[in-house]
Amino acid sequence: MLNSKCKIAVVDKKGKYFFLFQGFRKNKFSISGLETVMSVTSEEMTNYNIFFMVLYEYRDVFELLKFRDGGIPAIIASENVKIIKKIQKLNCYPVVDLSKRNSIHTSLHDCMDEFIKK
């Protein structure tokens, strides 16, 4: 992925965290906003290199099943500390803790580096 344009889907039903991707170089990244992944087909999911998904409540976690089936790379984020801790225990996705306002950008960039350098 080092030489191609990285396509990122931001899945945020409230649209609060799209700002995290402002300033990303347009010749290196293509960023799309989605409210849910449930309406996206498996074929359409393969068009993206990374999904950034914001979980607001426990029922949002069910959308993660769609990523597990397709092996799609995803970064999970949440303001809910309980959700963050549970996802971190699973150790299957990089996690961004949105409750820690002063380190959101650093955490996001660390997670992105995991996928981009592959």
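Structural data are supplied above this passage.
Residues numbered from 1 in each chain as written. Predicted model: local features only at pLDDT ≥ 70, side-chain atom pairs only at ≥ 80, totals over all residues. Heavy atoms only, no water.

### Topic: unusual backbone geometry
Moving on, step 1. In this structure, N91 takes a positive phi of about 55 degrees despite not being glycine.
Moving on, step 2. Relative to the assigned elements, N91 resides in the loop between α3 (81–90) and β5 (95–97). (Helix = DSSP H or I, 4+ residues; strand = E, 2+ residues; numbered from the N terminus.)

### A word on the pairing of strand β1 (residues 6–11)
Moving on, step 1. The element β1 is largely enclosed, with a buried count of 5 among its 6 residues.
Moving on, step 2. Bridge count for β1 against strand β2 (residues 29–34) is 6 bridges, and the pairing is parallel. Directly across from A9, in β2, lies its bridge partner S32.
Moving on, step 3. Two elements, β1 and strand β3 (residues 50–55), share 4 bridges in a ladder whose sense is parallel. Across the sheet, the residue bridging to A9 is F51, located in β3. (Buried < 20%, exposed > 50% of the residue type's maximum accessible area, 1.4 Å probe, protein only. Pairing = 2+ DSSP bridges.)

### Overview of a positive patch on the surface
Moving on, step 1. Where like charges cluster on the molecular surface, the positive patch consists of K82, K85, K86, K89 and K100.
Moving on, step 2. Relative to the helices and strands, K89 is located in helix α3.
Moving on, step 3. Under the relative-accessibility criterion, K89 is labelled exposed at 74%. (Patch = residues over 30% accessible without salt bridge, like charges linked within 9 Å, V, L, I, M, F, W, Y side chains within 5 Å. Areas by Shrake-Rupley, 256 points an atom, 1.4 Å probe, with all protein chains shown as cover. Salt bridge = Lys/Arg side-chain N within 4 Å of Asp/Glu carboxyl O. Lys, Arg positive; Asp, Glu negative; His and termini not counted. Charge placed at Lys NZ, Arg CZ, Asp CG, Glu CD.)

From the geometry alone we can't say anything about function, so treat these as descriptive.
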